[in-house]
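The chain contents come next:
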Amino acid sequence: MEVPILKQGAVLIATFQAALSDADLNQLRMGLVQQVVKFRSRAVIVDVTAMDVMDSFASRTLREIAHMIRLRGAETVIVGIQPEVAFAMVQLGLTLEGVATALDLEEGLAYLNEKFKTTS
Amino acid sequence: MPRREGTPTPPDPKRTEEPSELLRELVAHLRQNRTQLREEWVVRITETRLLTAMTKEEIFAEATSVYDSYVEALETEAFEALQAYARNLSERIIPRGVETHEVVGIVLLLRDVLARSLFAKYQNDFKKLNRILDAYEPAANRIANTVAVGFVQERERVIRQQQEAIRELSTPVLQVRERLLILPIIGVIDPQRARQLTEQLLRGIRTNRAKVVVIDITGVAAMDLTVANNLVQTVEASRLLGATVIVTGLSPEIAQTLVTIGVDLGKMNTVGDLQGGIEQAERLLGYKVEKLAEPR
């Protein structure tokens with residue numbers, strides 16, 4: 001199942017569905033990294049609200065996406081991590097260091113707007 | 001049937017009484033001398049300074065009922081009633097601060113007082129004394145055992161109940177400003193409570209849409225490595241939900257623990273006291289608190 005990537009102004013938004021295969025995640029990673037330069041986006045928001053489990057591969061992919069996007073000159077915000085998922089992740093040591101996080105899509109956009117204001 | 005303990009008696013051809021008959025005789029003797037033996041026992045209890053938490057009258061009243069239950073248990077060898085009595089007694093005296101050694105002590109004293117009275121009664125018939133003691137000792141030991149176990153079980157039940165109560169003491173997640181939560185933690189944290197706290201906080205962050213959380217641990221004197229790690233995990237999990245955590249009120253001991261486990265201080269935002277923590281949280285949220293006038 002392919003993850004749609006939506007363009008909203010200077011931000012790309014990708015919404016995870018439940019039960020993504022590893023191949024889907026790889027595809028998403030490549031898609032985001034390509035499109036962020038193609039659309040000259042300033043930031044990427046990855047919404048994981050629908051994910052009620054986060055395995056190590058998904059977590060590592062998220063971190064890789066964030067770091068690759070950074071190298072491509074934009075910023076990443078992960079939004080919508082469920083409380084149970086967050087708890088499970090830290091217990092597994094998957095803390096997404098160096099990656100911005102926000103409560104939900106709205107918060108993520110607010111965070112980026114604030115950031116754009118101060119940097120532009 | 002209780003196994004016989006104590007000195008094994010050589011086979012005695014003249015032996016006529018069954019152990020149960022002996023016990024019956026014994027019980028009759030104890031019933032007859034109830035007043036005197038009970039008083040002697042109470043004197044011994046006071047002399048040994050047991051049950052200091054109770055008044056003389058209370059000791060006497062308890063001693064009477066313990067004595068009767070004891071004799072009854074000897075007679076019927078039905079230990080269920082005694083067990084129930086021991087539990088009931090423990091329920092009453094545990095809140096008074098009676099210790100395990102005191103309960104075991106008084107039961108052993110009673111055993112000795114009664115054994116002495118048997119010595120006195122049968123001192124002229126050594127063989128009979130021997131047989132009586134053969135019947136008496138296992139039963140008496142079993143009674144002492146039952147009472148002690150009953151007391152300890154009751155004590156453990158009380159402890160379990162209290163632990164439960166402490167656990168259920170809700171640790172409130174409080175909203176003090178829009179998007180600012182406070183989590184005051186008081187008392188001892190064990191791994192189970194730490195886990196519960198984390199889950200409560202994460203749910204609170206989600207429902208209150210919090211951006212900043214102040215965790216105040218002024219009321220926590222010390223924490224072990226596991227719990228300190230749990231605290232760090234709580235901070236990290238909150239960040240995954242997009243909330244910044246400020247930890248306030250770390251005691252020197254906890255600071256020591258955190259340094260020992262090598263916490264990444266870049267991840268932990270700490271302020272000395274709760275007031276400072278709230279002030280910093282307000283700054284993060286863009287609040288500016290101004291004093292409008294001197295308080296009257």
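Reference entry: report on the structure contained in this document. Here the structure is a predicted model, which is why all the values come from computation and not from measurement.

Procedures and definitions
Residues numbered from 1 in each chain as written. Chains lettered and ligands numbered in written order. Predicted model: local features only at pLDDT ≥ 70, side-chain atom pairs only at ≥ 80, totals over all residues. Helix = DSSP H or I, 4+ residues; strand = E, 2+ residues; numbered from the N terminus. Buried ≥ 20, exposed ≤ 12 C-beta atoms within 10 Å, placed from the backbone. Core = buried A, V, L, I, M, F, W, Y, C linked by C-beta atoms within 7 Å. Contact = placed C-beta atoms within 7 Å. Axes fitted to C-alpha atoms, helices over the stretch in contact; angles between N-to-C directions. Parallel < 35°, antiparallel > 145°, perpendicular 65-115°, else oblique. Left-handed = near helix turned anticlockwise from the far one by under 90°. Pairing = 2+ DSSP bridges.

### Let's talk about the overall build of chain B
Each helix and strand in chain B was counted, giving 10 helices and five strands. Taking all 296 residues of chain B together, 32% fall into the buried category.

### Notes on the nonpolar core
One finds A:V44, A:V46, A:I78, A:A86 and B:V213 to be the most contacted residues of the largest nonpolar core, which totals 74 residues. Among the elements that line this core, the one with the most residues is helix α8 (residues 225-240) of chain B, at seven residues. Sequence-distant contacts of A:V44, defined by excluding residues within four places in its chain, comprise A:L12, A:A14, A:L32, A:V36, A:I69, A:A74 and A:T76. Residues B:L50, B:A73, B:A86 and B:L110 belong to the second largest nonpolar core, which totals 37 residues.

### Examining the packing of helix α3 (residues 83-91) of chain A against helix α7 (residues 191-208) of chain B
Running from N to C, α3(A) and α7(B) point in directions that differ by 135°, and their axes come no closer than 9 Å. Taken together, the axis directions place α3(A) and α7(B) in an arrangement best described as oblique. Judged by the sense of rotation from one axis to the other, the crossing of α3(A) with α7(B) is right-handed. Residues A:P83, A:A86 and A:F87 of α3(A) lie in contact with α7(B), whose contacting residues are B:T198, B:E199, B:L202, B:R203 and B:R206.

### With respect to the sheet that holds strand β5 (residues 269-271) of chain B
Residue and element names in this part refer to chain B. Read across the sheet, five strands follow the order β1-β2-β3-β4-β5 without closing on themselves; strand pairing throughout is mixed. Either end of the sheet is taken by a strand with one partner, and the two such strands are β1 (174-177) and β5. Each adjacent strand pair in this sheet contributes to an overall mean axis angle of 30°, direction not counted. Of the pairings in the sheet, the one linking β1 to strand β2 (residues 180-186) comprises three bridges and is antiparallel in character. Within β2, the residue paired with Q175 across the bridge is L181.

### Observations regarding the interface of chain A and chain B
Counting residues at the interface gives 13 residues for chain A and 13 residues for chain B. The element that contributes the greatest number of residues to the side of chain A that touches chain B is α3(A), accounting for six residues.

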